[in-house]
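Breakdown of the fold
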Amino acid sequence: MKTIETKSIGLCHGCFDLLHYGHLLHLQEAKSFCDYLIVSITSDKYVNKESGRPIFNQLERKTLIESLKPVNKAVISNCI
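First things first, this report covers the structure right here in the doc. Keep in mind that this is a model prediction, so the values were computed, not measured.

Some points on the overall build of the protein
Check the secondary structure of the protein and you find two helices and three strands. Its C-alpha atoms give the protein principal-axis dimensions of about 60 × 25 × 20 Å. The proportion of buried residues among the 80 residues of the protein is 32%. Considering only contacts within the protein whose residues lie at least 6 apart along the sequence, 73% involve residues at least 24 apart. Surface exposure of the protein reaches about 5800 Å², of which carbon and sulfur atoms provide 56%. Side chains of the protein give 10 positive and 8 negative charges; the mean places of these two sets differ by 5 Å.

Now the structure itself:
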């Protein structure tokens, strides 16, 4: 008989265009509530903060978020 290990999955979402210390604290706390943390990132076409934004494109933002220790997976969200 196999033993199935139960894991919890968490999800955070944001633009993460200008990453700051508060973002890191938020992701660290989110990870403390789950085993596997997924972060979804708003795609470029839905970032409507102001002219000239996002400053960093969606692939750059995804790469940065994926490099953070609490994050297990980052995805780009095309949903509004």
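Quick look at the pairing of strand E1 (residues 9–14)
Burial along E1 is one-sided: the face carrying Gly 10, Cys 12 and Gly 14 is buried and the face carrying Ile 9, Leu 11 and His 13 is not. Relative to strand E2 (residues 36–42), E1 runs parallel, the two being bridged by six bridges. Bridge pairing in E2 links His 13 to Ser 40. In this view, the connection linking E1 to its parallel neighbour E2 by way of helix H1 (residues 21–31) has right-handed handedness.

Considerations on the sheet that holds E2
Pairing within the open sheet is parallel, and its three strands lie in the order E1-E2-E3. Both outer strands of the open sheet, E1 and strand E3 (73–77), are each paired with one neighbouring strand and no more. With direction set aside, neighbouring strand axes in the sheet form an average angle of 25 degrees. Against the sheet, H1 touches E1 and E2, its axis set at about 140 degrees to E2. Contacts between helix H2 (residues 58–66) and the sheet are confined to E2 and E3, with E3 contributing the most and set at about 160 degrees to the helix.

So, how was this worked out
Residues numbered from 1 in each chain as written. Predicted model: local features only at pLDDT ≥ 70, side-chain atom pairs only at ≥ 80, totals over all residues. Heavy atoms only, no water. Helix = DSSP H or I, 4+ residues; strand = E, 2+ residues; numbered from the N terminus. Buried < 20%, exposed > 50% of the residue type's maximum accessible area, 1.4 Å probe, protein only. Contact = heavy atoms within 4.5 Å. Areas by Shrake-Rupley, 256 points an atom, 1.4 Å probe, with all protein chains shown as cover. Lys, Arg positive; Asp, Glu negative; His and termini not counted. Charge placed at Lys NZ, Arg CZ, Asp CG, Glu CD. Pairing = 2+ DSSP bridges. Right-handed = clockwise from strand over helix to strand, strands pointing away. Axes fitted to C-alpha atoms, helices over the stretch in contact; angles between N-to-C directions.

Shape descriptors only; they carry no functional weight alone.
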